[in-house]
Amino acid sequence: MKVRTTVPGGQRGIALVTSLLAIVLILAILAVMVDIGTSRLRRANEDTRAAQALAAADAGAAWVRALLAAHYGDLSAVFIDLAKAHSKTEFSIDSDTTAEVLVGLQLPGPTKHVDHVDVNLQENPQIDESPLQVVATATIKAGSGIVATRTVTTLLRNFHNLPPYSEIVGVIDDAGPSSVYSPGDPAGQVGGAYVTDLRIQATTATGTAPPAPANKFESDSWSDGNIGSPGILP
């Protein structure tokens, strides 16, 4: 005597549909995980490129400062070196990535629109302090394509014949959250009860006599071409 067991057709269909739904759910979860992983990888790569561009732009300002040091603060010699290099420097980051940096210098001079008024610049001939704004634009290339660009503006105090020949006042990253148009006022701040005196003091020494003041504090008015108005951060 044989016993035959049968599965109703309705239950078989439900089992098949349930299996298909489970497979679809697993595939959807895998797709979301892959998408999240890809997005994080892309973001990490973009952050790396942005950091490379920022570092390269900072290197542009460092290049100008190195030229100032090499020429003892002589701006005319710096301009000659920049002209020979077409105001551009390039270096490798890795075997597939290079950085190209273009720099421009902005100096005080006669202008119709004035948005910088720098006071207490030490214009004793042995120091001859002046403001100098360096605009460096870095382009990062990987393979044959551009993957990132960054422009950074660095404001310097430049000293002729006086080491270290330049000092950084401030930096504005054009990709940063700040909305100001200039990194600040390079001139000397007069000291007080709660502020540091940032003026450069000049003195002369004669024999064994105490040093005598030889200050020549002057002001410079200039424009860097931005749309800001006069102020603490013009």
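For the structure, see preceding data.
Right, let's walk through the structure included here.

1. What to know about the pattern of salt bridges
Point 1. Here the structure, examined in full by the defined rule, presents 2 salt bridges.
Point 2. Glu-100 is the partner of Lys-88 in a salt bridge, and the nearest nitrogen-oxygen pair spans 3.9 Å. Taken as a pair, Lys-88 in strand S1 (residues 88-92) and Glu-100 in strand S2 (residues 97-106) lie far apart in primary sequence, 12 residues in all.
Point 3. Between Arg-157 and Glu-129 there is a salt bridge, with its nearest N and O atoms 2.6 Å apart. Of this pair, Arg-157 sits in strand S5 (residues 145-158) while Glu-129 sits in the loop between strand S3 (116-122) and strand S4 (130-142), and the two are 28 residues apart along the sequence. Like Glu-129, Arg-157 is buried.

2. Some points on the environment of Gln-133
Point 1. Tracing the sequence through the fold places Gln-133 in strand S4.
Point 2. According to the relative accessible area criterion, Gln-133 is buried, its value standing at 2%.
Point 3. Gln-133 sits 27 residues away from Gln-106 along the chain, and the two C-alpha atoms are 5.1 Å apart.

3. Considerations on helix H2 (residues 75-84)
Point 1. Where H2 is concerned, the buried positions are Leu-75, Ala-77, Val-78 and Leu-82. Down the axis of H2, the sector holding all buried residues measures 155°, keeping them to one side. Facing away from the buried surface of H2 by more than 90 degrees, the exposed residues are Ala-83 and Lys-84.
Point 2. Note on H2: the residue one or two positions beyond its end, His-86, has a positive phi of about 55°.

Cut-offs used in this document
- Residues numbered from 1 in each chain as written.
- Predicted model: local features only at pLDDT ≥ 70, side-chain atom pairs only at ≥ 80, totals over all residues.
- Heavy atoms only, no water.
- Salt bridge = Lys/Arg side-chain N within 4 Å of Asp/Glu carboxyl O.
- Helix = DSSP H or I, 4+ residues; strand = E, 2+ residues; numbered from the N terminus.
- Buried < 20%, exposed > 50% of the residue type's maximum accessible area, 1.4 Å probe, protein only.
- Arc of directions from axis to C-beta.

These values are about where atoms sit, not about what they do.
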